[in-house]
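Here are the chains, one letter per residue:
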Amino acid sequence: MVHEAPLMVSFEDLSYSVRVRARSPGGDGGGGGVLGGIRERMGKARYEDKVILHGLSGAFRPGRLTAILGPSGSGKTTLLNLLAGYESSGTATGSIWVNGRPATGASMRLLAGYVSQDDVILPTQTVREAIEMSIRLRPPPLSQAADAQASLATAVDGLRGAEEGRGGGAEKGKGAGPAEAGASHAIALLGLERCQHTRVGDSAAKGISGGERKRTAIAQEWVTQAPILFLDEPTSGLDAHSALMVTRQLKSIADRGRTVVAVVHQPSSEMFELIDDLLVLLDGRIVYFGERAGLVDYVAGLGAPCGMYSNPADHVFNAVLFSYGGEGAPDRAVRLQGEWVRSAGGAAMRALIERPETAPVRASQFRRTSPPLTQLRYLTWRAALNARRNRLVLGMRLGQAVFFGLLLGLIFLNTDGRPVNVQQQNFSGAMFFMSTTSFLLSVLSVVNTFSQERLVFLRESQGGYYGLPAYFLSKNIVELPIQVVTPIINSVIAYWLLGLRQDGLKYVLFALTCIGLNLCGFSFGLFLASSFKDISAVLVALPIMFLPALLFGGLLVNTGNSTVWLRWIQWISPIKYGYTSMMKNQFTGYVVDGRPIGDAYLEQVNLGPFSVGVNIAFILVLSFIAWVAAYLSLMRLARQGRSPSFTKNAEKHLRQQLEGPPDPRFAQGGKEMD
Ligand SMILES: Nc1ncnc2c1ncn2[C@@H]1O[C@H](COP(=O)(O)OP(=O)(O)OP(=O)(O)O)[C@@H](O)[C@H]1O
């Protein structure tokens with residue numbers, strides 16, 4: 001058995017509360033109803049603290065599988081998230097240590113792998129690709145990877161014995177690169193051979209099953225060789241056999257020296273037997289925390305002996321958590337917590353907190369990320385693959401460019417051969433439509449794709465897969481050709497069908513205007529989609545921002561004679577710059593039947609003094625501003641769940657704390673592990 005450096009996570013007096021709207025004695029008060037809503041908006045709503053976790057103390061030991069059990073709403077996920085560094089909306093007090101060194105949720109993120117309840121994985125990736133990505137972007141330390149691979153063959157063999165009929169994976173790794181080999185081992189360990197080349201999928205395009213998705217998410221964390229693994233309900237939604245297999249796999253991971261903590265719902269008797277330690281929560285209080293084997297005796301001591309054929313986990317729920325003493329849940333929780341604190345088990349847990357492991361955290365145990373250039377290369381490749389696999393969306397975007405080009409061209413076909421007044425009206429209408437669709441279709445396409453990808457980005461950036469610059473650049477690199485090709489297709493069709501001026505340079509300027517509008521739409525769409533949590537909010541915000549820009553786009557309102565204090569909107573309207581650029585491109589010096597009608601018409605429509613080139617430059621400036629805003633908005637998103645003061649320096653300090661000497665409180669009493 002390989003002993004990876006063991007890390008013990010201990011905590012004391014850990015409390016967590018969130019601010020919630022206060023309820024009045026009448027049941028509504030500051031909170032509900034129309035009145036409550038108005039009061040809240042006026043800043044007059046009353047708030048109170050809701051305590052979710054009440055002074056929790058305990059320790060998760062290395063080499064052991066710890067399960068957190070408790071009724072729904074008892075605080076299991078909150079505790080796990082708090083310890084893993086994924087809970088930040090409320091106020092936490094108390095202490096956390098890793099091997100006796102002071103730690104926080106933020107420092108835990110540097111050490112621990114985290115599998116959330118919803119296992120968000122890019123739907124177009126296959127299982128193998130998702131696992132290999134984790135290794136490529138979060139490479140395990142070389143020594144540990146070698147150790148782990150050596151030990152894995154044994155582990156896989158053991159598991160294979162436990163589950164017949166599963167093909168070998170350890171051998172498949174031989175001769176492959178480290179990422180492929182590591183992925184092969186993980187696939188074998190987690191029994192994913194049969195679906196390794198299947199796409200993960202989502203609700204729109206069915207891929208792997210829920211259990212396989214869960215195991216893929218576990219594999220993604222397992223391959224990083226993180227010394228601590230937190231998992232939120234890894235067995236929920238699985239059939240009994242799959243749940244047992246996942247628990248076996250977690251146990252085998254813990255057996256190799258890692259600290260594995262999982263929230264588990266209703267474990268079967270077989271699963272229960274695999275658990276080493278149990279933490280039982282009721283109403284945010286610990287009512288049992290110790291060896292699984294001691295639970296039955298402990299509850300017997302409370303006057304609730306467990307029958308020989310009962311599942312102890314079910315028994316604890318039915319006979320202790322829900323019926324002890326006959327009082328309400330909060331009183332019962334306080335009473336059971338008191339019993340636990342006074343018990344021998346409670347004293348043993350306190351002794352464990354006082355004498356933690358004190359071996360230093362090694363630099364090699366911190367999560368590693370690949371260099372930015374590797375991240376960029378990988379993410380660009382993945383984004384291109386994703387675009388190719390989303391063939392329907394790509395095809396629709398190209399089809400859209402052809403469709404609107406043809407639609408515009410056929411409606412306004414050969415406008416150059418019509419009477420002057422028709423030419424003026426038709427060219428104006430066609431170019432306004434062109435300017436609007438170039439911008440809007442680009443916004444909608446990115447809003448659509450990023451709204452689906454948002455959660456993936458959030459999970460991966462929080463999980464340390466990559467930094468924002470690499471993600472952002474890769475997205476731009478892959479989108480750029482699409483944002484250039486689609487307006488070229490669209491404009492080349494419309495321009496010649498419409499009968500705009502037969503001049504190569506004029507066409508180039510027209511196409512450049514369309515490309516600029518597409519780029520502006522892309523950046524603006526990314527900004528919008530990353531600024532709001534859900535698509536419905538985006539769809540409310542989009543018209544609010546877009547329609548004024550449309551009104552001041554140069555056609556609907558004579559901007560030079562509009563309401564003075566609202567005229568500024570034209571300066572931030574890409575539609576206006578696009579429309580002006582196209583109109584000036586067409587009408588400057590335009591002559592029909594020997595009559596110079598263009599310049600007079602331009603003067604009449606009052607589109608401002610700037611030339612075509614300057615208008616294109618303004619579009620590019622707006623694109624750049626929206627591009628920076630999109631970056632900042634993504635940055636805010638990536639920092640979600642993390643303290644705003646968390647910087648590189650803060651990270652360095654946290655690492656130093658973990659690598660430094662233990663808290664003086666433990667320096668004497670701690671025990672050094674071998
Ligand atoms: N941000 C929040 N604001 C208000 N209440 C919250 C917040 N976060 C958690 N809670 C409440 O805290 C309690 C514990 O929530 P938590 O999700 O930790 O429970 P759980 O034991 O994991 O439940 P389940 O088993 O159903 O997932 C619940 O009553 C929940 O409604």
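Residues numbered from 1 in each chain as written. Predicted model: local features only at pLDDT ≥ 70, side-chain atom pairs only at ≥ 80, totals over all residues.

Caption draft 1: Fine view of the site of the ligand. Taken together, 13 residues lie near the ligand, and Ser72, Gly73, Lys76, Thr77 and Thr78 sit nearest. Sorting the residues of the shell around the ligand by element identifies β1 (9-21), β2 (47-60) and α2 (76-84) as the ones contributing at least two each. Residues belonging to the shell around the ligand are distributed by class as follows: three nonpolar, eight polar and two charged. (Near = placed C-beta within 6 Å. Helix = DSSP H or I, 4+ residues; strand = E, 2+ residues; numbered from the N terminus. Nonpolar A, V, L, I, M, F, W, Y, C, P; charged D, E, K, R; others polar.)

Caption draft 2: Just the environment of Tyr465, in detail. Following the sequence through the fold, Tyr465 ends up in the loop between α16 (420-462) and α17 (468-498). As for Tyr465 and Leu137, which are separated by 328 residues in sequence, their C-alpha atoms are 5.4 Å apart. Not counting chain neighbours up to four residues away, the residues in contact with Tyr465 comprise Leu137, Arg138 and Glu460. (Contact = placed C-beta atoms within 7 Å.)

Caption draft 3: Structural context of the domain arrangement of the protein. Examined at the domain level, the protein breaks down into domain 1 (77-366) and domain 2 (372-650). Taking the mean C-alpha position of each, domain 1 and domain 2 sit 47 Å from one another. Counting from both sides, the interface comprises 11 residues of domain 1 and, opposite them, 16 residues of domain 2. With three residues, helix α4 (residues 127-137) is the largest single contributor of residues to the side of domain 1 that touches domain 2. Tallied by class, residues from the side of domain 1 that touches domain 2 come to seven nonpolar, two polar and two charged. (Domains from an automatic or database assignment.)

Caption draft 4: Expanded view of the UniProt feature "transmembrane region" (unreviewed entry) in the protein. As annotated by UniProt and renumbered to match this structure, "transmembrane region" (unreviewed entry) occupies residues 398-415, 427-450, 480-498, 504-528, 535-557 and 612-634. With 100% helix and 0% strand, residues 427-450 has its two end C-alpha atoms placed 34 Å apart. The straight-line gap between the two end C-alpha atoms of residues 535-557 is 31 Å; of that span, 74% is helix and 0% is strand. (UniProt positions renumbered as here; feature names shortened; annotations may be inferred.)

Caption draft 5: Expanded view of the packing of α16 against α17. Where α16 meets α17, the axes come as close as 11 Å, and the angle between the chain directions of the two elements is 155 degrees. On the basis of the axis angle, α16 is roughly antiparallel to α17. In this structure, α16 crosses over α17, and the sense of that crossing is right-handed. Along the contact surface, α16 presents Ala430, Met434, Ser438, Ser442, Phe457 and Ser461, while α17 presents Leu468, Tyr471, Gln483, Pro487, Ala494 and Leu498. When its residues are assigned to classes, the contact of α16 with α17 shows eight nonpolar, four polar and no charged. (Axes fitted to C-alpha atoms, helices over the stretch in contact; angles between N-to-C directions. Parallel < 35°, antiparallel > 145°, perpendicular 65-115°, else oblique. Left-handed = near helix turned anticlockwise from the far one by under 90°.)

Caption draft 6: Structural view of the pairing of strand β9 (residues 277-282). Across the six residues of β9, six count as buried, placing the element largely inside the fold. Here β9 shows no split at all, with Asp277, Leu279 and Leu281 on one side and Leu278, Val280 and Leu282 on the other all buried. Where strand β3 (residues 65-69) and β9 come together, four bridges link them in parallel fashion. Its bridge partner lying in β9, Ile68 is registered against Leu279. Taken together, the six bridges between β9 and strand β10 (residues 285-291) define a ladder with antiparallel strand orientation. Looking at β10, one finds that Val280 is bridged to Tyr288. Between β9 and β10, which pair antiparallel and follow one another directly, the connecting turn spans two residues, one of which, Asp283, has a positive phi of 50 degrees. (Buried ≥ 20, exposed ≤ 12 C-beta atoms within 10 Å, placed from the backbone. Pairing = 2+ DSSP bridges.)

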